[in-house]
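# Notes for the structure review
Each chain is listed here by its residues.
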Amino acid sequence: MLVELRNVSKRYAMGDIWVDALKDITLSLGKGEFLAVKGPSGSGKSTLLNILSALDQCDSGTVQVGGVNIGKLGEHKRSKFRNRHIGIVFQSFNLIPVLTALENVMYPLTLRGVKNAKARALQALKDVGLEKQAGQRPTQLSGGQMQRVAIARAIVTRPDIVLADEPTANLDSKTSETIMALIQKLNREQGITFVISTHDDYVTSLASRVITILDGELVSDRLSGDVLASGYDRSSITSSGVEV
Ligand SMILES: Nc1ncnc2c1ncn2[C@@H]1O[C@H](COP(=O)(O)OP(=O)(O)OP(=O)(O)O)[C@@H](O)[C@H]1O
């Protein structure tokens, strides 16, 4: 399994009160899955993604990504792990305004000292259909184009997994559909593993698997029909409340 969460819990202090953001989550994820994480506002979706991306640490339980126990890593190793293994797509794109689209995509490779960074970044821009916009700065791009650059930046390092926290929240519905079609294509054609948190039923309709979180608890875990039809290994689902 690419990702293994065992009995993961996370609490936050809100003044005198403790909020259980995640309660005893057990979840496995295989390579090549396209997982949507659904749930109302405040249910714990971002907390789950932050823990998976090693941006945050759980209070109890274990989190393994690619066989590495990321909960045990110190700050420096966690950030190195993120750069090597995780691609992140943000709701607000988070592009560097003074850099061109190409330079934004090259950035994580430059951090690693990769030699053929430019060629790889150009290929990633091509993969998202933006090779013609390589020289443009984020202010010269539409919201959908900015998110495509952000996706190119997330995949250019060939990460084990791409995590996207509500990637379509700041886009109109037509642009959201284009972005989701692109994510689905990258998942199907390049086998890139995606985990996407969302409120949007359209996003969940494209995912191969949907989990629902309610008040920090995993309340449902289901596979989409066509994935079941293609003989997907159901034994990868180990969470409670399985609803296939
Ligand atoms: N840094 C923090 N400090 C205190 N409480 C937090 C923090 N981050 C999250 N929480 C709380 O943890 C719970 C889960 O929050 P989380 O952001 O994971 O939910 P979410 O499902 O992603 O919500 P949304 O859909 O609105 O983004 C909420 O009650 C939230 O207020």
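Residues numbered from 1 in each chain as written. Predicted model: local features only at pLDDT ≥ 70, side-chain atom pairs only at ≥ 80, totals over all residues.

### A look at the overall build of the chain
When you go through the chain residue by residue, the secondary structure sums to 8 helices and 10 strands. Since a compact globule built from 244 residues should have a radius of gyration of about 18 Å, the 18 Å found for the chain is in line with a globular shape. Taking the principal axes of the C-alpha coordinates as reference, the chain spans close to 50 × 40 × 35 Å. When each of the 244 residues of the chain is scored for burial, the buried share is 40%. Considering only contacts in the chain between residues 6 or more positions apart, those separated by 24 or more positions represent 64%. (Helix = DSSP H or I, 4+ residues; strand = E, 2+ residues; numbered from the N terminus. Rg over C-alpha atoms; globule rule 2.2 N^0.38 Å. Buried ≥ 20, exposed ≤ 12 C-beta atoms within 10 Å, placed from the backbone. Contact = placed C-beta atoms within 7 Å.)

### Some remarks on the sheet that holds strand β9 (residues 209–214)
The strand order across the open sheet built from 6 strands is β6-β7-β8-β3-β9-β10, with neighbouring strands paired in mixed fashion. Each end of this open sheet is capped by a strand with a single partner; those strands are β6 (86–89) and β10 (217–223). In this sheet, neighbouring strand axes are inclined to one another by 20° on average, regardless of whether the strands run parallel or antiparallel. In this sheet, β9 lies alongside strand β3 (residues 34–38) in parallel orientation, the contact comprising 4 bridges. Within the sheet, the bridge partner assigned to Ala-36 lies in β9 and is Val-210. (Pairing = 2+ DSSP bridges. Axes fitted to C-alpha atoms, helices over the stretch in contact; angles between N-to-C directions.)

### Considering the site of the ligand
Contacts to the ligand come from Tyr-12, Met-14, Val-19, Ala-21, Gly-39, Ser-41, Gly-42, Ser-43, Gly-44, Lys-45, Ser-46 and Thr-47. Where the shell around the ligand is concerned, the elements lending two or more residues are β1 (3–14), β2 (17–29) and α1 (45–52). Element by element, the count of residues in the shell around the ligand is highest for α1, at 3 residues. Here the shell around the ligand is composed, by residue class, of 4 nonpolar, 7 polar and 1 charged. (Near = placed C-beta within 6 Å. Nonpolar A, V, L, I, M, F, W, Y, C, P; charged D, E, K, R; others polar.)

### Thoughts on the environment of Asn-50
The topology assignment puts Asn-50 in helix α1. By the C-beta count within 10 Å, which is 18 here, Asn-50 ends up partly exposed. The sequence separation of Asn-50 and Ile-88 amounts to 38 residues, and the corresponding C-alpha distance is 9.8 Å. With residues near it in sequence (within four places) discarded, Asn-50 still touches Leu-55 and Asp-56.

### Observations regarding the environment of Val-156
On the secondary structure map, Val-156 appears in the loop between α5 (143–155) and β7 (161–165). With 23 residues separating them along the chain, Val-156 and Ile-179 place their C-alpha atoms 17 Å apart. Val-156 has contacts with Val-105, Pro-108, Leu-109, Arg-120, Ala-121 and Ala-124, leaving out every residue within four places of it along the chain.

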